Amino acid sequence: MNKKKKPFLGMPAPLGYVPGLGRGATGFTTRSDIGPARDANDPVDDRHAPPGKRTVGDQMKKNQAADDDDEDLNDTNYDEFNGYAGSLFSSGPYEKDDEEADAIYAALDKRMDERRKERREQREKEEIEKYRMERPKIQQQFSDLKRKLAEVTEEEWLSIPEVGDARNKRQRNPRYEKLTPVPDSFFAKHLQTGENHTSVDPRQTQFGGLNTPYPGGLNTPYPGGMTPGLMTPGTGELDMRKIGQARNTLMDMRLSQVSDSVSGQTVVDPKGYLTDLNSMIPTHGGDINDIKKARLLLKSVRETNPHHPPAWIASARLEEVTGKLQVARNLIMKGTEMCPKSEDVWLEAARLQPGDTAKAVVAQAVRHLPQSVRIYIRAAELETDIRAKKRVLRKALEHVPNSVRLWKAAVELEEPEDARIMLSRAVECCPTSVELWLALARLETYENARKVLNKARENIPTDRHIWITAAKLEEANGNTQMVEKIIDRAITSLRANGVEINREQWIQDAEECDRAGSVATCQAVMRAVIGIGIEEEDRKHTWMEDADSCVAHNALECARAIYAYALQVFPSKKSVWLRAAYFEKNHGTRESLEALLQRAVAHCPKAEVLWLMGAKSKWLAGDVPAARSILALAFQANPNSEEIWLAAVKLESENNEYERARRLLAKARSSAPTARVFMKSVKLEWVLGNIAAAQELCEEALKHYEDFPKLWMMKGQIEEQGELMEKAREAYNQGLKKCPHSTPLWLLLSRLEEKIGQLTRARAILEKSRLKNPKNPGLWLESVRLEYRAGLKNIANTLMAKALQECPNSGILWSEAVFLEARPQRKTKSVDALKKCEHDPHVLLAVAKLFWSERKITKAREWFHRTVKIDSDLGDAWAFFYKFELQHGTEEQQEEVRKRCENAEPRHGELWCTVSKDITNWQRKIGEILVLVAARIKNTF
């Protein structure tokens, strides 16, 4: 130790030695220099300090205030001209003459400052500019390069390499710690290391201590090493091989329990197997400490109040949840001893015990509680044989003959004949149970059922179900005239017995009758209760709501009954007739619709729409003469009605009676000269190829109705069809002077210029149109598409951004914006669109197309359904839906879409109108137009 001792230890330091100077550890203060840190609330050393100075914090505040008062007269705070930064006399009193002096000095300073202000500011500005030129900002240095970024193409941008990982290989690819299971042989080999031998084996002396075939026992120094069951009887070693075999045997037994006994092929479901293994583990979700606390609390409750059943049940369930099932069983059995009259404890015990033990528990429970229905039901559930179940329930009924639940359980197990006998006994024991009476009536013959229901009415005069069942019974046996009487008598009898007639409940009963096929009963109930409890002025509104509710619940006969009753009360209400007609059109037959419309026009002869519906129904059925006669009657009731004139013209033109149509239009022009009549006249001549006659009629019409934009459109389109572009342009321009707010006219003129190749002029026209018609989504959309068709995608995107600023809630713009984006950004854009226009059909259609493009077929179909449901008049939605089904659906789905489209009769939509308004397709039906529009759609989105 003396050799390692440093020679300078214990010697005095040399002259001028400063500790730490060599390593630069000087010029700082340590805690040892200033003493330990003290809290602001610590008392000061002075035991007799006055109040306000007794803590360290008080002393610090006082010192700080004193420092603030002292003048800073340091040399660093001195200036040759101004002197000290502060005032030398700031501590003295500030008087009035001081204030005057300061004001004079301030005025002088201000005057001096203004003398050369402009020149000084100019000089400062030049100096700043010079400084900026010499030392420009980084932003200015790279400004020319940033401008060049606009020329970088998307491909060049994507080809820029990613920034590499600067870390070394070991940091980039950290090696995770690998854990390898240690083999059994390793334990066997090292098991006996560190053994202590206290005696010499005789065999060692026999062989000279060199050959020791067996070690003399397994006395390891570690506690718990001699575990019972790990020692093999023949030797003192731990036989790892046998442990492995036992483990394999256990697994083999486990798998053999769930294997197929016939073919030997395993039928183990891996997920189910793992779940089953997990079920062996305690599945409590709480902390161990929480379980211990709960156990302790429940033990305390049991000890303080041993006859409290919920304590025993809660304790057993806690042990069950923590996986200690046997402890739970023991606890609950103790609970049955302490609370033998508690039904819940016995039922919990039966639940926790396995099969046969549970039966014994229930038998014991029955001895203690012979009147408990729930225990008898549990006993029946535990039995697997039907005869045993019957035996248990019959025994139960001997003890509890007035339990409806037991009777129902017993009857359900019997054959119909035995059930009838049992029910006849059941209604004697439980005469107030409606269910038992009705069940007995269903099993009896017609005559006996009537007697049973009469007895039931005597025993239970306040229940409506018996009366309704009686009415259904009479209807089922053809006695329909009795149904109305029974329901009326039911209402009277129930009121006499003090029962309040709940309208909603009766309507629900009527809907159930409708679903069961008892039409007469359903209608009788509706007629009886529909007017109960409603104010006179609310009748119409409430009845229409009831009818809609019945249609939603698929109770069509109930809705029909409501409409029939409403029409009796309001025979001259056109709106009620219309709703009834639409109901028959959607849910009834053609005959029922026509019968209703005949009654409707008799009551409301001035309602043109009812006449037209009747004529259309006849025409669609192929009965053209009947349709003509209906329209003739409509003419008599409504002379000079534009709608009826045009319906008659359409009927004749659709049936190729062109001369009749021309004559009708000529009459209409003389007797009811409206703009629409003139337009239809021009259209008829145009589609028939009489261009000269069409132009002549158009000129005549424009003299009378020059502010009707459709006439200008037709004039321009006729000229455009004849390749007379100048005349067409002139027609559109004249039309726009008269109708500057007509969006289709602006679009036609713009497309004409684009067709000629005058892109700049088309752009100018659209800009002008947007100025005259601000916030018009259609014009903005055309502007965006014009740029897109011209290949100027950047300008198209800019215009779309402006359009969405001006029309933020336009669905048609958002739907276009989704597909202007690159594929990765479309989903985000569609989410924005849905936030702005949640219920807009164009946006819903765009989302459906987006899912279609991503091949998410089920989602796409769901969104198409939503779109056509929210707006069935949008033809484009039907066309896209049909195209989608043509590619991904079955023939049934395609046919369903086509039929739904024909029923909806769509009239709007950009693509739809392009096809339907084409004069070559003027006689096409809805289904044919749907096919044509779908054929035009290309999957380019």
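This is a predicted model, so every value here is computed, not measured.

**So, the overall build of the chain**
Now for step 1: Within the chain, the secondary structure is distributed over 51 helices and two strands.
Now for step 2: By the burial criterion, 34% of the 941 residues in the chain qualify as buried.
Now for step 3: Restricting the contact set of the chain to residue pairs at least 6 apart, pairs at least 24 apart contribute 49%.
Now for step 4: Accessible surface computed for the chain: about 61,000 Å², of which carbon and sulfur atoms make up 52%.

**Brief notes about the packing of aromatic side chains**
Now for step 1: Enumeration according to the criterion identifies eight aromatic pairs in this entry.
Now for step 2: A centroid spacing of 5.5 Å and a plane angle of 45° characterise the contact between Tyr-563 and Phe-583, whose relative ring orientation is tilted. Here Tyr-563, found in helix 29 (residues 556–569), pairs with Phe-583, found in helix 30 (residues 574–587); they are 20 residues apart in sequence, far enough to count as distant.
Now for step 3: A residue is classified by how much of its surface remains accessible, and Tyr-563, at 5% relative accessible area, is buried.
Now for step 4: Residue class for Phe-583 comes out buried when judged on its relative accessible area of 4%.

**Side note on the side chain of Asp-840**
Now for step 1: Along the chain, Asp-840 turns up in the loop between helix 45 (823–836) and helix 46 (841–853).
Now for step 2: Although Asp-840 is buried, it makes no salt bridge; Lys-849 carries the closest opposite charge, 11 Å away.
Now for step 3: Here His-842 takes part through its backbone nitrogen, which lies 2.9 Å from a polar atom of the side chain of Asp-840.
Now for step 4: Not counting residues within four places of it along the chain, the set of residues in contact with Asp-840 comprises Gly-811 and Ile-812.

**A look at a negative patch on the surface**
Now for step 1: On the surface, a cluster of negative charge is contributed by Glu-95, Asp-97, Asp-98, Glu-99, Glu-100 and Asp-102.
Now for step 2: Mapping Asp-97 onto the fold places it in helix 3 (residues 96–115).
Now for step 3: Under the relative-accessibility criterion, Asp-97 is labelled partly exposed at 47%.

**Side note on the confidence of the model for the chain**
Now for step 1: Taken over all residues, the pLDDT of the chain has a mean of 75, while the share at 70 or more is 73%.
Now for step 2: Across residues 204–236 the pLDDT falls below 50, and counting only partners more than four positions away or on other chains, this stretch makes 25 contacts in the model.
Now for step 3: Low pLDDT, under 50, characterises residues 273–284; the predicted model gives this stretch 15 contacts beyond four residues in sequence or across chains.

**So, a nonpolar patch on the surface**
Now for step 1: A cluster of nonpolar side chains, Leu-149, Val-152, Trp-157, Leu-158 and Ile-160, forms an exposed patch at the surface whose accessible area comes to about 510 Å².
Now for step 2: The topology assignment puts Leu-149 in the loop between helix 6 (143–148) and helix 7 (154–158).

**Some thoughts on the nonpolar core**
Now for step 1: Core analysis: the largest hydrophobic core is formed by 54 residues, its most contacted members being Trp-506, Met-526, Val-529 and Trp-543.
Now for step 2: The element contributing the most residues to this core is helix 29, with seven residues.
Now for step 3: With residues near it in sequence (within four places) discarded, Val-529 still touches Ile-491, Ile-501, Arg-503, Trp-506 and Ile-507.

**What to know about the environment of Glu-584**
Now for step 1: Along the chain, the position of Glu-584 falls in helix 30.
Now for step 2: Residue classification places Glu-584 among the buried residues on the basis of a relative accessible area of 8%.
Now for step 3: Taking C-alpha positions, Glu-584 is 8.4 Å from Arg-560, a pair spaced 24 residues apart along the chain.
Now for step 4: Residues within four places of Glu-584 in sequence aside, it is in contact with Arg-560, Thr-589, Ser-592, Leu-593 and Leu-596.
Now for step 5: Here Arg-560 takes part through its side chain, which lies 2.9 Å from a polar atom of the side chain of Glu-584.

**So, the packing of helix 42 (residues 777–789) against helix 44 (residues 811–820)**
Now for step 1: Running from amino to carboxyl end, helix 42 crosses helix 44 at an angle of 20°, the nearest separation of the two axes being 9 Å. Here helix 42 lies roughly parallel to helix 44, going by the angle between them. Crossing handedness for the pair helix 42 and helix 44: left-handed. In this structure, helix 42 contributes Pro-777, Trp-780, Leu-781, Val-784, Arg-785 and Tyr-788 to the contact, and helix 44 contributes Ile-812, Leu-813, Glu-816 and Leu-820.
Now for step 2: Of the residues in the contact of helix 42 with helix 44, the class split is eight nonpolar, no polar and two charged.

**Examining the packing of helix 38 (residues 709–721) against helix 40 (residues 743–756)**
Now for step 1: It is the contact of helix 38 with helix 40, at a shortest axis distance of 10 Å, that shows an interaxial angle of 15°. Taken together, the axes of helix 38 and helix 40 lie roughly parallel to each other. As helix 38 packs across helix 40, the resulting crossing turns out to be left-handed. Every residue of helix 40 that contacts helix 38 at Pro-709, Trp-712, Met-713, Gln-717 and Glu-720 is listed here: Pro-744, Leu-745, Leu-748, Leu-752 and Lys-755.
Now for step 2: Grouping the amino acids of the contact of helix 38 with helix 40 by side-chain chemistry returns seven nonpolar, one polar and two charged.

**Thoughts on unusual backbone geometry**
Now for step 1: Within the chain, Lys-775 stands out as a residue other than glycine whose phi angle is a positive 60°.
Now for step 2: As for its placement among the helices and strands, Lys-775 is situated in the loop between helix 41 (759–772) and helix 42.
Now for step 3: Exposure remark for Lys-775: the relative accessible area of 60% places this residue in the exposed category.
Now for step 4: In this structure, Glu-905 is a non-glycine residue whose phi angle is positive, near 50°.
Now for step 5: The topology assignment puts Glu-905 in the loop between helix 49 (891–904) and helix 50 (910–916).

**Some points on a positive patch on the surface**
Now for step 1: A contiguous patch of positive charge on the surface is contributed by Lys-650, Lys-680, Lys-710, Arg-907 and Lys-917.
Now for step 2: Looking at where Lys-917 falls in the secondary structure, it is placed in the loop between helix 50 and helix 51 (926–936).
Now for step 3: Judged by relative accessible area, which is 56%, Lys-917 ranks as exposed.

**Some remarks on the pattern of salt bridges**
Now for step 1: Per the stated rule, a full pass over the model turns up 28 salt bridges.
Now for step 2: Residue Arg-123 pairs with Glu-127 through a salt bridge whose shortest N-O separation is 4.0 Å. With Arg-123 and Glu-127 both in helix 4 (residues 117–134) and four residues apart, this pair spans about one turn of that helix.
Now for step 3: With a relative accessible area of 48%, Glu-127 lands in the partly exposed category.
Now for step 4: Close ionic contact of Glu-862 with Arg-866 constitutes a salt bridge, the shortest N to O distance being 3.1 Å. Taken together, the residues Glu-862 and Arg-866, both in helix 47 (residues 857–870) and four residues apart, mark about one turn of the helix.
Now for step 5: By relative accessible area, Glu-862 is classed as partly exposed at 41%.
Now for step 6: Note on Arg-866: relative accessible area 39%, which makes it partly exposed.
Now for step 7: Through salt bridges that share partners, Arg-751, Glu-754, Glu-782, Arg-785, Arg-789, Glu-816 and Glu-910 make up one connected network.

Rules of the game
- Residues numbered from 1 in each chain as written.
- Predicted model: local features only at pLDDT ≥ 70, side-chain atom pairs only at ≥ 80, totals over all residues.
- Heavy atoms only, no water.
- Helix = DSSP H or I, 4+ residues; strand = E, 2+ residues; numbered from the N terminus.
- Buried < 20%, exposed > 50% of the residue type's maximum accessible area, 1.4 Å probe, protein only.
- Contact = heavy atoms within 4.5 Å.
- Areas by Shrake-Rupley, 256 points an atom, 1.4 Å probe, with all protein chains shown as cover.
- Phe/Tyr/Trp six-rings, centres within 6.5 Å; stacked < 30°, edge-to-face > 60°.
- Lys, Arg positive; Asp, Glu negative; His and termini not counted.
- Salt bridge = Lys/Arg side-chain N within 4 Å of Asp/Glu carboxyl O.
- Polar contact = N/O pair within 3.5 Å; in protein donor to acceptor, adjacent residues only side chain to side chain.
- Patch = residues over 30% accessible without salt bridge, like charges linked within 9 Å, V, L, I, M, F, W, Y side chains within 5 Å.
- Charge placed at Lys NZ, Arg CZ, Asp CG, Glu CD.
- pLDDT = per-residue confidence, 0-100.
- Core = buried A, V, L, I, M, F, W, Y, C linked by side-chain atoms within 4.5 Å.
- Axes fitted to C-alpha atoms, helices over the stretch in contact; angles between N-to-C directions.
- Parallel < 35°, antiparallel > 145°, perpendicular 65-115°, else oblique.
- Left-handed = near helix turned anticlockwise from the far one by under 90°.
- Nonpolar A, V, L, I, M, F, W, Y, C, P; charged D, E, K, R; others polar.

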